[in-house]
Amino acid sequence: MPSILLTGDCAPLMPGMALHAPDLHIEQRPDGLPVRAALRPGPLCVTLTDSGGEIAAPTKAAFFRGLSLLCQHWHARPYRAQEASPFETLGVMLDCSRNAVPTAGALRTFLRRVNRMGCNAVMLYTEDTYEVPGRPYFGYLRGRMTQQELRELDAYAAALGIELIPCIQTLGHMARALRWPCMAGLRDTDDVLLTDSPETYALLEEMIAAASAPFASRRIHIGMDEAWMLGLGNYRLRHGIEPAHRLMARHLEKVRDIARRHGFSPMIWSDMYLCAASPTGEYYNAVDPIPEEVVRSVCEGVSLVYWDYCHEDGQDYDRMLRLHRQFGGETMFAGGLWTW
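Just so you know, the residues in each chain are numbered from 1, in the order the chain's sequence is written. In keeping with the model being predicted, local features are shown solely for residues with a pLDDT of at least 70 and side-chain atom pairs are shown and tallied solely at 80 or more, while totals for entire chains, interfaces and linings include all residues. Only hydrogens and water are removed before side-chain values are computed, so all heavy atoms of the structure are retained for them.

**Side note on the nonpolar core**
Then step 1. In these notes, a set of buried Ala, Val, Leu, Ile, Met, Phe, Trp, Tyr and Cys residues joined through side-chain atoms within 4.5 Å is what counts as a nonpolar core. The buried label goes to any residue with under 20% of its type's maximum accessible area, the exposed label to any with over 50%, and the partly exposed label to all in between, with areas taken from a 1.4 Å probe on protein chains only. Counting 84 residues, the largest nonpolar core has Leu111, Ile290 and Phe327 as its most contacted members.
Then step 2. For this core, the leading source of residues is helix α6 (residues 198-212), giving seven residues.
Then step 3. What Ile290 contacts, discounting residues up to four positions off in sequence, is Leu274, Ala277, Val295, Leu323, Gln326 and Phe327.
Then step 4. Counting 26 residues, the second-largest nonpolar core is a separate cluster that includes Ala37, Ala57, Phe63 and Tyr79. The secondary structure listing takes helices from DSSP runs of H or I that are at least 4 residues long and strands from runs of E that are at least 2 residues long, numbered from the N terminus. Contacts were defined at the residue level, with two residues in contact if any of their heavy atoms lie within 4.5 Å.

Below is the structure:
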């Protein structure tokens, strides 16, 4: 088992070192190989020789990526590597709502693994699988995570240099929560919340407060994707027909204000806006340029997240990113290929 003696800027790294050590099969000992830790701006640099080593990294997360490389090449000395990420935030979103909710132990293992890949952010996608105090049917029998479990997981992630970001839904994808009789007054359709309803915003206030409490991050993903039947259910019966992007604009402004009251900077999926700009209502078929009315419907202070799990040609991504830039503000990207 490799043994090292960590020196230098090691105080903030020791909790994370202890978490990674069993996976990397290393131990820290006074007679171990001296490895100097240096937290400083610039690229990740890893050096390993028979007399010692150094990991110079801009962040804690980058350091643990470097530690993984050092251990991987322990018997291949001398070794030197340099990596520079073009992204300030590099992370993954883990689906905690479909099929099964990961256990606390599985989530910790996941955090350590992606951390050694250089990730410094993780989103937990939870539709109704987190505890909302005072709402016993929210996530009932769905394996929801308690406030205490999430608080402990957030502290665990922080030791690794990972920002754990709540990722919830505040419009569509709410079928599991809305199926209970006590939620009947909140339904537009089976999986879409009823907009312009005080009862809905009371629920959203509680949901966002519950998402705020366990996390140190002041970023939150509030969803709002794939609400295809928005305004076509109980909303239509009460108020008549109104274009979906106008309903979205009013709803987003209210949810943004709730998020801000809890100190959050919100982000949303962008697909509903691209669909509103498409003659066929398809996400990837929006016109260029985006109609001004659709651009204006995205309220200030909300970042867009462009998701794309389908394309293999770089030109498709270039076009979609060009469309997103027309909205102004910050755009994040969520990607990867799915096999259907």
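**Considering the side chain of His324**
Then step 1. Take His324: it is sitting in helix α11 (residues 314-325).
Then step 2. Classification of His324 as buried rests on a relative accessible area of 0%.
Then step 3. In the analysis that follows, any N or O atom pair within 3.5 Å is treated as a polar contact, provided that within protein one partner can donate a hydrogen and the other can accept it, and provided that, for residues neighboring in sequence, both atoms belong to side chains. Among the polar contacts listed, one links the side chain of His324 to the backbone oxygen of Met320, at a separation of 2.7 Å.

**A short note on unusual backbone geometry**
Then step 1. Residue Pro78 is reached from Arg77 by a cis peptide bond, and omega for that bond is -5°.
Then step 2. Along the chain, the position of Pro78 falls in the loop between α2 (60-72) and β6 (79-83).
Then step 3. A cis geometry characterises the amide bond from Asp288 onward to Pro289, with omega recorded as 10°.
Then step 4. With respect to the secondary-structure elements, Pro289 resides in the loop between α9 (271-276) and α10 (292-296).
Then step 5. For Asn99, which is not glycine, the phi dihedral falls at a positive 70°.

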